[in-house]
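Each chain, written out:
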Amino acid sequence: MSRELNAHIIIVGAGFSGLGVGVQLQQAGYNDFLIIEQTGDVGGTWRDNTYPGVGVDITSFNYSFSWEQNPHWSRVYAPGNELKAYADHLVTKYELKDRIEFHTKITGAHFDEEAHLWRFTTEDGRTGTARYVISAVGGLTQPKPPNIPGLESFAGKTMHTARWDHDHDLTGKRVAVIGTGATSVQLVPAIADRVAHLEVFQRTPIWVVPKLDAPIPTSIRRVFERLPASQSTVRLTTGVITEIVMGLGSTYERQFPALRKGIERLCKAHLRLQVPDPVLREQLTPRYDFLCKRPTFSNHYLRSFMRPDVDLVTEGIERITERGILTRDGQLHEIDTLILATGFKVFELGNTPPFPVHGSDAIELGQFWHDKRYQSYEGLTVPKFPNMFAILAPYSLIGPSYFSMIEASTTQLLRLLREADKRGASYIEVREEPHREYFEDILRRQENTVFKAANCTSSNSYYFDHHGDAPMLRPATGVEVWWRSRHFPLEDYRFRAVGHGETDLPARGGVSGAARALVAMAGLQFVSGRKAL
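Conventions and cut-offs
Residues numbered from 1 in each chain as written. Predicted model: local features only at pLDDT ≥ 70, side-chain atom pairs only at ≥ 80, totals over all residues. Heavy atoms only, no water. Helix = DSSP H or I, 4+ residues; strand = E, 2+ residues; numbered from the N terminus. Rg over C-alpha atoms; globule rule 2.2 N^0.38 Å. Buried < 20%, exposed > 50% of the residue type's maximum accessible area, 1.4 Å probe, protein only. Pairing = 2+ DSSP bridges. Axes fitted to C-alpha atoms, helices over the stretch in contact; angles between N-to-C directions. Phe/Tyr/Trp six-rings, centres within 6.5 Å; stacked < 30°, edge-to-face > 60°. Contact = heavy atoms within 4.5 Å. Salt bridge = Lys/Arg side-chain N within 4 Å of Asp/Glu carboxyl O. Core = buried A, V, L, I, M, F, W, Y, C linked by side-chain atoms within 4.5 Å.

A. Region of interest: the overall build of the protein. Each helix and strand in the protein was counted, giving 15 helices and 20 strands. Against the compact-globule benchmark of 24 Å for 533 residues, the protein has a radius of gyration of 24 Å, which places it among compact chains. Along the first, second and third principal axes, the C-alpha set of the protein runs to 75 × 55 × 50 Å. Out of the 533 residues in the protein, the part that is buried amounts to 57%.

B. Broad picture of the sheet that holds strand β9 (residues 197-201). The five strands are arranged β7-β16-β8-β9-β12 in an open sheet whose pairing can be described as parallel. The strands lining the two open edges of the sheet, one partner per strand, are β7 (157-160) and β12 (310-313). On average, adjacent strands in this sheet sit at an angle of 20° to one another, irrespective of strand direction. Note that β9 and β12 share four bridges and pair parallel. Bridge pairing links Phe201 to Val313 in β12.

C. Fine view of the packing of aromatic side chains. Taken as a whole and judged by the stated rule, the model has 26 aromatic pairs. Between the aromatic rings of Phe61 and Phe224, the centroid separation amounts to 6.0 Å while the plane-to-plane angle is 80°, which identifies the pairing as edge-to-face. Here Phe224 lies in helix α5 (residues 218-226) and Phe61 lies in the loop between α2 (45-48) and α3 (80-93), a separation of 163 residues in the sequence. Exposure remark for Phe61: the relative accessible area of 7% places this residue in the buried category. Overall, Phe224 belongs to the buried group, its relative accessible area being 8%. Centroid distance Tyr252 to Phe256: 6.5 Å. Interplanar angle 85°. Geometry classified as edge-to-face.

D. Broad picture of the environment of Thr107. Among the secondary structure elements, Thr107 is positioned in strand β4 (residues 106-112). What makes Thr107 partly exposed here is its relative accessible area of 35%. Each C-alpha atom, one on Thr107 and one on Glu123, is 5.8 Å from the other, the two residues being 16 residues apart in sequence. Aside from chain neighbours lying at most four places away, what touches Thr107 is Thr121, Thr122, Glu123, Phe355 and Pro356.

E. Quick look at the sheet that holds strand β15 (residues 332-334). The sheet built from three strands is open, its strands ordered β13-β14-β15 with antiparallel pairing. The open sheet has two edge strands with one neighbour each: β13 (317-320) and β15. Between one strand and the next, the sheet's axes are offset by a mean angle of 25°, whatever the strand orientation. As defined by bridge partners, β13 adjoins strand β14 (residues 324-327) across three bridges and the pair is classed as antiparallel. Across the sheet, residue Ile317 finds its bridge partner in β14, namely Thr327.

F. Fine view of the pattern of salt bridges. Inspection of the entire model under this criterion finds 38 salt bridges. One salt bridge in this structure joins Asp124 and Arg126, with 3.1 Å as the shortest N-O distance. Looking at Asp124, the relative accessible area reads 46%, which means it is partly exposed. Residue classification places Arg126 among the buried residues on the basis of a relative accessible area of 16%. One salt bridge in this structure joins Arg260 and Asp289, with 3.4 Å as the shortest N-O distance. Separated by 29 residues along the polypeptide, Arg260 in helix α7 (residues 257-274) and Asp289 in the loop between α8 (278-283) and β11 (296-297) bring together distant segments of the chain. No difference in accessibility class separates Arg260 from Asp289, as the two residues are buried.

G. Up close: the nonpolar core. Phe16, Leu19 and Leu25 are the most contacted members of the largest nonpolar core, which has 136 residues in total. At 10 residues, helix α11 (residues 402-423) tops the list of elements feeding residues into this core. Once you skip the residues sitting within four places of it in the chain, Phe16 turns out to touch Trp46, Tyr63, Phe65, Leu83, Tyr86, Ala87, Leu90, Phe403 and Ile406. Residues Ile148, Phe154, Phe201 and Leu338 belong to the second largest nonpolar core, which totals 13 residues.

H. The arrangement of unusual backbone geometry in detail. In this structure, the amide linkage connecting Thr352 to the following residue, Pro353, adopts the cis form with an omega of -5°. Counting through the fold element by element, Pro353 comes out in the loop between β16 (337-340) and β17 (357-358). Positioned with a positive phi, His103 is a non-glycine residue whose angle comes to about 55°. Take His103: it is sitting in the loop between β3 (100-101) and β4. Phi is positive for Leu291, close to 85°, though the residue is something other than glycine. When you line up the elements, Leu291 lands in the loop between α8 and β11. Given the relative accessible area of 2%, Leu291 is considered buried.

Here you go:
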């Protein structure tokens, strides 16, 4: 019999965001929570993506929680199955399995303003309530098929990389891959040896950085296991490097354009070494600036196109037919298998959030973002949506890694929950004025980023939404986000209690004079929600 879906805290999603928040809630003493997962397993992106060659594209040392580092990674860039195993390890070690309701898909949620509760419904007809809801649904969950006429008419096998069919044998097949993003970069060299012939259909080239990958010797893994501080040192070092490339490179393009240009020169040198054919090399050279679109790391992708059985197709696709792909030059590319490496829905209506969420005044969150621009306060909360916290909200992701973002968001969340407990509050909502000032500051900062200050016109990047904004990445360094998660002004929120109407319970705390001075000394631009310090 299915359990009741009522808890003090509901977490939606059992990927790394949901699992990480769950562990941190437990350790903070919040044990009345339930994780709702629409599938039958944990792991999110790493459960769904099992295509050949799948793996991390930042170092394994940073692709884990700081409080649960994994000394057993087999490589500097771990393969996908090890990430799934890491998720399973979290569930086992922290005894989360009994807190997860599998095969449960939420179809809608609305906020009860009198009771200060979120009420939701599920696909199987159940209902539930929670004082607080934490959205941990992730951004790379819903595959985005290409908008190409005739896609459904293909008579052979079609599959998206996020829904890989391992029963389908590619051996000896004529295969087409549509898409040349980060997924394709991993997939193409992994299947090139197996297929009879491979055609890769490219709309936009991708910047490819040399991959400093290698197996991690057993002796080193033993050192990491016995001396965790040694792995923490490596993690810090690789994190700083990532911060410089992704953090400074994307956030301060206007101030430090030489950093991006230097990486572009490195990528072009890598391309020259991998692809001696000047015509092919020209086709693989991006016409947009580095970091406008998600770059990737590989030592094998570019050289795959030098093989006689692998072709790069840059001619536009006219339509899909029963037998294959018809390009605009009139050529029919006959294939047996069609692979869609076309990415995911990210910041768009129907995906963020993936179900209707109605807050105060019956405002629906997805429609609000779609109409009014994607925005959130400190990458976590939105006015008119009390008691709701979103991991991977607009402008939340930072350079070091996805895990850094999860930890920063969870730190903010716990500060708010503890403050509510101190006040006897049952209602937490960010105030509209601090939120507005914060979002205006985000937009000002974005003008300095690579997305606004560089040439991104032809990038065709999922970083951009239909407003022309780039809400995926937060225009701030990881150090600043770490600091702000611990020192954002609590007075930027209203805390209320059931039965007290709209009377706010005064919040104590905020940023002290010493803290403000330290921020100024560190050269960080800290926006309190009232004014910039």
